[in-house]
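# Observations on the three-dimensional arrangement
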Amino acid sequence: MQLDMFADKRMKILYALSFMRGGIAQVWAKNETNVILSYTSTFATLTELLSSIERTFGDPDRERTARAQLHALKMTAA
């Protein structure tokens, strides 16, 4: 992304949201877009938006995933 090409932080956030398509992510993005367009968003920066996306759609059990990945690595390294 050419983040320096946007007029303001709000436009950067809207641009990032435009790539969220399909399923619950699209619904979530549409809701966030509507909030931003009504000037009531809690996201002041793109970083805040990305953190929210990670919290909402990221791995809910990172510890378990890491253990499974280490186990798989151990099994293939032997």
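If you're wondering where the values come from, they're calculated on a predicted model, not measured in any experiment. (Residues numbered from 1 in each chain as written. Predicted model: local features only at pLDDT ≥ 70, side-chain atom pairs only at ≥ 80, totals over all residues. Heavy atoms only, no water.)

## Re a nonpolar patch on the surface
Side chains of I24, V27 and F57 sit close together on the surface and give an oily, nonpolar patch of about 280 Å² of accessible area. By secondary structure assignment, the location of I24 is in helix α2 (residues 23–37). (Patch = residues over 30% accessible without salt bridge, like charges linked within 9 Å, V, L, I, M, F, W, Y side chains within 5 Å. Areas by Shrake-Rupley, 256 points an atom, 1.4 Å probe, with all protein chains shown as cover. Salt bridge = Lys/Arg side-chain N within 4 Å of Asp/Glu carboxyl O. Helix = DSSP H or I, 4+ residues; strand = E, 2+ residues; numbered from the N terminus.)

## Observations regarding the packing of aromatic side chains
Two aromatic rings, taken as a pair, are described by how far apart their centres are and by the angle between their planes. Scanning the entire structure with this criterion turns up 3 aromatic pairs. Between Y15 and F19 the ring centres are 5.0 Å apart and the planes differ by 85°, which places this aromatic pair in the edge-to-face class. What makes Y15 partly exposed here is its relative accessible area of 34%. Centroid distance W28 to F57: 5.6 Å. Interplanar angle 85°. Geometry classified as edge-to-face. A residue pair is termed long-range when its members are at least 10 positions apart, and W28 in helix α2 and F57 in helix α3 (residues 46–57) qualify at 29 residues. Residue F57 is classed as partly exposed on the basis of its relative accessible area, which comes to 34%. Joined through ring pairs, the aromatic side chains of F6, Y15 and F19 make up one cluster. (Phe/Tyr/Trp six-rings, centres within 6.5 Å; stacked < 30°, edge-to-face > 60°. Buried < 20%, exposed > 50% of the residue type's maximum accessible area, 1.4 Å probe, protein only.)

## Examining the nonpolar core
Counting 13 residues, the largest nonpolar core has I13, L17, M20, W28 and L49 as the members making the most contacts within it. Of all the elements in the fold, those that place two or more residues in this core are α1 (9–17), α2 and α3. When sequence neighbours within four positions are dropped, the list of residues in contact with I13 reads I36, F43, A44, T45, L46 and L49. (Core = buried A, V, L, I, M, F, W, Y, C linked by side-chain atoms within 4.5 Å. Contact = heavy atoms within 4.5 Å.)

## Focus: the packing of α1 against α2
Where α1 contacts α2, the axes come no closer than 10 Å and their chain directions differ by 160°. Here α1 lies roughly antiparallel to α2, going by the angle between them. You can see that α1 and α2 cross each other, and the crossing is left-handed. Side by side, α1 and α2 meet where R10, I13, L14 and L17 of the first sit next to W28, A29, E32, T33, I36 and L37 of the second. Across the contact of α1 with α2, the residue classes break down as 7 nonpolar, 1 polar and 2 charged. (Axes fitted to C-alpha atoms, helices over the stretch in contact; angles between N-to-C directions. Parallel < 35°, antiparallel > 145°, perpendicular 65-115°, else oblique. Left-handed = near helix turned anticlockwise from the far one by under 90°. Nonpolar A, V, L, I, M, F, W, Y, C, P; charged D, E, K, R; others polar.)

## Comments concerning unusual backbone geometry
Although it is not a glycine, Y39 adopts a positive phi angle of roughly 60°. By the secondary structure assignment, Y39 is in the loop between α2 and α3. Given a relative accessible area of 64%, Y39 falls into the exposed group.

## Re the confidence of the model for the protein chain
Averaged over the protein chain, the pLDDT score is 88; the fraction of residues at 70 or greater is 94%. Mean pLDDT per element in the protein chain: helix α4 (residues 62–77) is the minimum at 84, and α2 is the maximum at 94. (pLDDT = per-residue confidence, 0-100.)

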